[in-house]
Amino acid sequence: MRYLSLVLCVFLAACGPSLEARKEYVQAHDRPPAIESAIVDGEIRVDMTKADVKAAWGDPRSVNRSYYEGTGAQTQWCYGQGTGLQCVYFENGYVTGWN
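Residues numbered from 1 in each chain as written. Predicted model: local features only at pLDDT ≥ 70, side-chain atom pairs only at ≥ 80, totals over all residues. Heavy atoms only, no water.

Section: the overall build of the chain
Next up, step 1: Helix and strand counts for the chain stand at four helices and four strands.
Next up, step 2: In the chain, the succession of α and β elements from N to C terminus is α-α-α-α-β-β-β-β.
Next up, step 3: Taking all 99 residues of the chain together, 35% fall into the buried category.
Next up, step 4: Taking contacts inside the chain between residues at least 6 apart in sequence as the whole, the part at least 24 apart equals 32%.
Next up, step 5: For the chain, the accessible surface area stands at approximately 6200 Å², while carbon and sulfur atoms represent 53% of it. (Helix = DSSP H or I, 4+ residues; strand = E, 2+ residues; numbered from the N terminus. Buried < 20%, exposed > 50% of the residue type's maximum accessible area, 1.4 Å probe, protein only. Contact = heavy atoms within 4.5 Å. Areas by Shrake-Rupley, 256 points an atom, 1.4 Å probe, with all protein chains shown as cover.)

Here it is as C-alpha cells:
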C-alpha cells in the first residue's frame, strides 16, 4: 500500500501544479507551517482547505457532493483513475481524510 501511495504521489505531482506554482501559492497565503510544507511537497494533510488541495494536487478529475443533517456538507474530490484512484474527503470545506 505504501508503494502504491508513493507511485500515486509521483503520478499526481507530475500532472499537478509545478513546484514553482506550489511555492508561489504558499508565499501568497498565510497557512500553518505544516500545511505550507505539505503543499510545497505535493502532499495532502487534514485541515487543508479546498484551495490548499488544488495548490498541492491541481483540479480533481471528479467531484461528488453530499449534505447530511447534523454533519453538514461533505465533498469528495477524486484524482487519477482505475487502481490509481485517490479521493480526498472534505467536511465544511476542510480535508478530513483521503484514501
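So that's the structure; there's more coming.
Focus: the nonpolar core
Next up, step 1: If you look at the biggest cluster of nonpolar residues, it comprises 16 residues, and the most contacted ones within it are Ile 39, Ile 44, Met 48, Val 53, Val 88 and Val 95.
Next up, step 2: Broken down by secondary-structure element, the contributors of at least two residues to this core are helix H2 (19-28), helix H3 (33-41), helix H4 (50-57), strand E2 (72-79) and strand E3 (86-91).
Next up, step 3: Examining the composition of this core, we find that four residues originate from one element, H4, more than from any other.
Next up, step 4: Apart from residues no more than four positions distant in its own chain, Ile 44 is found in contact with Val 53, Ala 56, Trp 57, Val 88, Val 95 and Trp 98. (Core = buried A, V, L, I, M, F, W, Y, C linked by side-chain atoms within 4.5 Å.)

Structural notes on the packing of aromatic side chains
Next up, step 1: Taken as a whole and judged by the stated rule, the model has two aromatic pairs.
Next up, step 2: Plain terms: the ring middles of Trp 57 and Tyr 79 are 5.1 Å apart, the flat faces sit at 85° to each other, and that makes the pair edge-to-face. Of the two residues, Trp 57 is situated in helix H4 and Tyr 79 in strand E2; the sequence distance between them amounts to 22 residues.
Next up, step 3: On the basis of relative accessible area, Trp 57 is assigned to the buried category, the value being 5%.
Next up, step 4: We note Lys 50 situated over the ring of Phe 90; from NZ or CZ to the ring centre the distance is 5.6 Å. (Phe/Tyr/Trp six-rings, centres within 6.5 Å; stacked < 30°, edge-to-face > 60°. Lys NZ or Arg CZ within 6 Å of the ring centre and 35° of its normal.)

Considerations on unusual backbone geometry
Next up, step 1: The phi angle at Asp 47 is positive, at roughly 80°, despite the residue not being glycine.
Next up, step 2: Mapping Asp 47 onto the fold places it in the loop between H3 and H4.
Next up, step 3: Given a relative accessible area of 47%, Asp 47 falls into the partly exposed group.
Next up, step 4: The residue Asn 92 is not glycine, and still its phi comes out positive at about 50°.
Next up, step 5: Take Asn 92: it is sitting in the loop between E3 and strand E4 (94-98).

Regarding H3
Next up, step 1: All buried positions along H3 are accounted for by Ile 35, Ala 38 and Ile 39. The buried side chains of H3 occupy one side of the element, clustering within an arc of 100° when seen end-on.
Next up, step 2: Looking at the packing, one finds that the buried side of H3 touches H2 and H4.
Next up, step 3: Two residues or fewer past H3, Gly 42 is found with a positive phi of approximately 70°. (Arc of directions from axis to C-beta.)

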